[in-house]
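Analysis of the macromolecular model
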Amino acid sequence: MSFEFILFIFFSLIAAVSAVIMITRPNPVMSAIFLIINFFSIAGLYLILHAQFISIVQIIVYAGAIMVLFLFVLMLLNAKSEKDILSGKNKIKIFAVVIAGLVFAQIAYLIFFSSPGKALSPDVAASIKAGTVEQIGKELYTNYLLPFEAAGFLLLASTIGALVLAKKHFD
Amino acid sequence: MSPLLQTIIITVVVLLVLMTIAANLIWVERRMLALWQDRLGPNRVGPLGLVQVVADMVKIFFKEDWIPKFADRPVFFIAPTIVIITVLMSFAVIPFAPGISVVNLNVGLLFFLAMSSLGVYSVVLGGWSSNNKYSLLGSLRAAAQMISYEVFMGLSLMGVVILAGSFNLNDIVEAQGRITWFFIPQILGFFVFFLAGIAETHRLPFDLPEAESELISGFHSEYSGMKFGMFFVGEYLGITLISSMIVTLFFGGWLGPSFLPPVVWFLLKMAVFILIFVLLRAALPRPRYDQLMSYGWKFLLPLSLLNLVVTGLVVLLLK
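Numbering of residues begins from 1 in every chain and follows the order in which that chain's sequence is written. By the order in which they are written, chains take letters starting at A while ligands take numbers starting at 1. Totals for whole chains, interfaces and linings use all residues, but because this is a predicted model, local features are given only for residues with pLDDT of at least 70 and pairs of side-chain atoms are given and counted only at 80 or more. Working from all heavy atoms in the structure, the side-chain values ignore hydrogens and water.

What about the overall build of chain A?
Put simply, DSSP marks the helices as runs of H or I at least four residues long and the strands as runs of E at least two long, and each gets a number from the N terminus on. From N to C terminus, chain A includes eight helices and zero strands. Secondary structure elements of chain A, listed N to C terminal, follow the sequence α-α-α-α-α-α-α-α. Buried, partly exposed and exposed residues are distinguished by accessible area as a fraction of the type maximum, computed with a 1.4 Å probe on protein chains only: under 20%, between the cut-offs, and over 50%, respectively. In chain A, which comprises 171 residues, the share counted as buried stands at 18%. Restricting to contacts in chain A with at least 6 residues of sequence separation, those with at least 24 account for 51%. Note on areas: Shrake-Rupley with a 1.4 Å probe; residue coverage comes only from the protein chains shown. Total accessible area computed for chain A in this model is approximately 12,800 Å², and 76% of it derives from carbon and sulfur atoms. Residue contacts are defined here by distance: any two heavy atoms, one from each residue, within 4.5 Å place the two residues in contact.

Structure (structure tokens):
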């Protein structure tokens, strides 16, 4: 058993357990804390795959920024327990079950019927190099320029949208 | 000497030095503030009051470690440790001298940003778990303040990255040896990073999360004993961290004339910035919260974007 394998088991166990704990907590703030732990273990898994940049960005963006905003909103709302929120809202429950089923089917299809190794380079050194900042930057600004710019445009549009919604009248 | 042993020795030495610096900063800050405010400061315990720190430590360790009955116990317990852990982790990537850093990470700068963005959880969770209105207000302020200033902090450093062509802190220091210390071409970036650094460590004048006069110490109102001590030491470690990042990124890190060893140069430059942080506390009043936010988003953000665009353009033209 190599050291990497032990680390893989360690991080995947934390990821799986924290994900289960996250959805079973009645208190939304505790759920948020376990989601942060989950993001960390996934960042660890990226590190094992030598994707240092993605691993750090996972922590900066998800654990460092998005979850802080989540906690901010949760604390401001002072959310009641889930039972009060969901009682008598059967349509939402059915919708949630359908969405969850669809996502599950999609992931199951990807795992069992596609070959995930196809995209990998057989050359180990080349695939390690693919995780560096330089490589990702080069790919983003050459091969994937259009989707990258489209994503940037979408973010800009949503920022302006949020501003307009928050500031009801402009003088 | 095997690499593993070397790493362990460096880690232990860095940890010991940092803890000594953080503890003695309490004395330095009190004496300096006293000097600037025309008072005496702590001068009773030992020569010049130097042993005051030991007395404070003994006191804080023996204080009753009280957890309020209405608090969320596990979160209340974890919150103060987060700030210490994240700040100490950040020190792992800082090169104190050629070859003397705990790890030589090629995304070192991003690692620092990631860790400093996690530090906010300490304040936010501490305030929330205290289950107290003032604490909650403090942690809400901290969340909004730190997430805003993180944006400019990251953006202001990208000019340095463009000039050095690397996220590795060792490479950045070496690039400053080749080009020039980056505070000259990156004076705007330095300015923004300095202010964002004060806001990230929530020091005066930007200490709105704890603002004694309005929020009775904000997020740590309910904390006592060593748990409060951890927030306290975490703040001083934070100042040390921001000072050493300023030195590494803008003031040539360990570089300096060769009559002193590189580590001494690094520590000297760091000490200067720590003293500037202390002096700022003595000199400036606290702004209002909306002033802090609009100053950030309406002044520092455009400034750091301008700096980024101009740096990129100049580097591109010179190539």
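Here we look at helix α3 (residues 73–91) of chain B
To obtain the bend at a residue, axes are fitted to the seven residues ending there and to the seven starting there, and the angle between these axes is taken. The largest bend in α3(B) is about 30 degrees, located at B:T81. Of all the positions in α3(B), only B:V75, B:F76, B:A79, B:P80, B:I82, B:V83, B:I84, B:T86, B:V87, B:S90 and B:F91 are classed as buried.

Comments concerning the packing of helix α1 (residues 3–36) of chain B against helix α11 (residues 262–283) of chain B
Residue and element names in this part refer to chain B. Fitted lines through C-alpha atoms serve as axes, helices being fitted only where they are in contact, and the angles separating the N-to-C directions of these axes extend from 0 to 180 degrees. Put simply, α1 and α11 touch, their axes get as near as 10 Å, and they point 50 degrees apart. Accordingly, the angle class assigned to the pair α1 and α11 is oblique. In the crossing of α1 with α11, the sense of the turn from one axis to the other is right-handed. Only M270, I274, L275, V278, L279, R281 and A282 of α11 make contact with α1, whose side of the interface consists of I21, L25, V28, E29, M32, L33 and W36. Residue classes follow a fixed rule: Ala, Val, Leu, Ile, Met, Phe, Trp, Tyr, Cys and Pro count as nonpolar, while Asp, Glu, Lys and Arg count as charged, and any other residue, Gly among them, counts as polar. Among the residues making up the contact of α1 with α11, the classes are represented as twelve nonpolar, no polar and two charged. Should an angle fall under 35 degrees it is called roughly parallel, over 145 degrees roughly antiparallel, and 65 to 115 degrees roughly perpendicular, with every other angle called oblique. Helix crossings get a hand from a simple test, with the near helix turned counterclockwise from the far one by less than a right angle marking a left-handed crossing and a clockwise turn marking a right-handed one.

Remarks on helix α3 (residues 52–77) of chain A
Given the number of residues in a helix, its expected span is that number minus one, multiplied by 1.5 Å. Its 26 residues place the ends of α3(A) 36 Å apart at the C-alpha level, agreeing with the 38 Å of an ideal helix rising 1.5 Å per residue. Of all bends in α3(A), the biggest is about 30 degrees, found at A:M67. Contacts from the buried residues of α3(A) go to α2 (28–48) and α7 (133–141) of chain A together with α4 (108–118), α5 (120–129) and α6 (133–164) of chain B.

Considerations on the packing of aromatic side chains
Think of it this way: a Phe, Tyr or Trp ring, Trp meaning its six-membered ring, pairs with another when their centres are within 6.5 Å, and the plane angle makes it stacked under 30 degrees, edge-to-face over 60, tilted otherwise. Under the defined criterion, the tally for this structure stands at 22 aromatic pairs over all chains. Ring plane angle 65 degrees and centroid distance 5.4 Å describe the contact between A:F10 and A:F11, whose orientation is recorded as edge-to-face. Aromatic pair B:F190 and B:F273: ring centres 6.2 Å apart, planes at 75 degrees, arrangement edge-to-face. Taken together, the positions of B:F190 in helix α8 (residues 187–200) and B:F273 in helix α11 put the pair 83 residues apart, joining distant regions of the chain. Of the two residues, B:F190 and B:F273, both sit in the buried class. Among the aromatic residues, those joined into a cluster by ring pairs are B:F112, B:F183, B:F190, B:F193, B:F194, B:F250, B:F251, B:F273 and B:F277.

Notes on the confidence of the model for chain B
Residues and elements named next belong to chain B. With 100% of its residues at a pLDDT of 70 or more, chain B shows a mean pLDDT of 84. Every residue is assigned a pLDDT by the predictor, reflecting its confidence on a scale from 0 to 100. Averaged over each element, pLDDT in chain B is lowest for helix α9 (residues 212–215) (74) and highest for α8 (88). This complex was scored by the predictor with a pTM of 0.84 and an ipTM of 0.78.

As for the side chain of B:T248
Topologically, B:T248 is positioned in helix α10 (residues 225–250). Among all residues touching B:T248, those that are not within four sequence positions of it are B:I94, B:P95, B:L169, B:I172, B:V173, B:Q176, B:G253 and B:F266.

As for the interface of chain B and chain A
Contacts between the two partners involve 24 residues from chain B, matched on the other side by 22 residues from chain A. Buried area counts how much accessible surface, traced with a 1.4 Å probe, disappears from two parts once they are put together, with both parts' losses summed. A buried area of about 2,000 Å², summed over both sides, lies between chain B and chain A, and 83% of it is on carbon and sulfur atoms. Interface area lost by chain B to chain A is led by B:Y121, B:W128 and B:L140, which between them contribute 27%. Within this document, salt bridges are pairs made up of a side-chain nitrogen of Lys or Arg and a carboxyl oxygen of Asp or Glu, the two lying within 4 Å of each other. Linking chain B to chain A there are zero salt bridges. Under this definition, polar contacts are N or O atom pairs within 3.5 Å; protein pairs additionally need one hydrogen-donor-capable and one acceptor-capable atom, and for neighbouring residues in sequence, both atoms have to be side-chain atoms. Where chain B packs against chain A, one counts two residue pairs in polar contact (both at pLDDT 80 or more). Secondary structure elements with two or more residues in the side of chain B that touches chain A: α4, α5 and α6 of chain B.

Some thoughts on a nonpolar patch on the surface
Only residues whose relative accessible area exceeds 30% and that form no salt bridge enter a patch; like-charged residues are grouped when within 9 Å of one another, and nonpolar side chains (Val, Leu, Ile, Met, Phe, Trp, Tyr) when within 5 Å. A contiguous nonpolar patch, built from A:F95, A:I99, A:V103, A:I107, A:Y109, A:L110, A:I111, A:F112 and A:F113 and spanning about 1,000 Å² of accessible area, is present on the exposed surface. With respect to the helices, strands and loops of the structure, A:F95 is situated in helix α5 (residues 90–113).

A word on the packing of α10(B) against α11(B)
Helix-helix packing: each pair is described by the crossing angle between the helix axes and the interaxial distance. Residue and element names in this part refer to chain B. The contact between α10 and α11 brings their axes to 8 Å, and the two run at 125 degrees. The pairing of α10 with α11 is recorded here as oblique in orientation. Crossing of α10 against α11: the hand is right-handed. Of α11, the residues touching α10 (which contributes I239, T240, I242, S243, S244, I246, V247 and T248) are F266, K269, M270, F273, I274 and F277.

Some thoughts on the pattern of salt bridges
Residues and elements named next belong to chain B. For the structure on display, the rule yields four salt bridges over all chains. The partner of K227 in a salt bridge is D65, with the nearest N and O atoms 3.0 Å apart. Of this pair, K227 sits in helix α10 while D65 is found in the loop between α2 (52–62) and α3, placing the two residues 162 residues apart along the sequence. Given the relative accessible area of 6%, K227 is considered buried. For D290, the salt bridge goes to R288, with nearest N and O atoms at 3.0 Å. Under the relative-accessibility criterion, D290 is labelled partly exposed at 44%.

As for the confidence of the model for chain A
Close inspection of predicted coordinates is inappropriate in any region flagged by low pLDDT. The pLDDT averaged across chain A works out to 82; a share of 82% of its residues lies at or above 70. Taken element by element, chain A is modelled with least confidence in helix α4 (residues 82–86) of chain A, mean pLDDT 63, and with most confidence in helix α8 (residues 145–166) of chain A, mean pLDDT 91.

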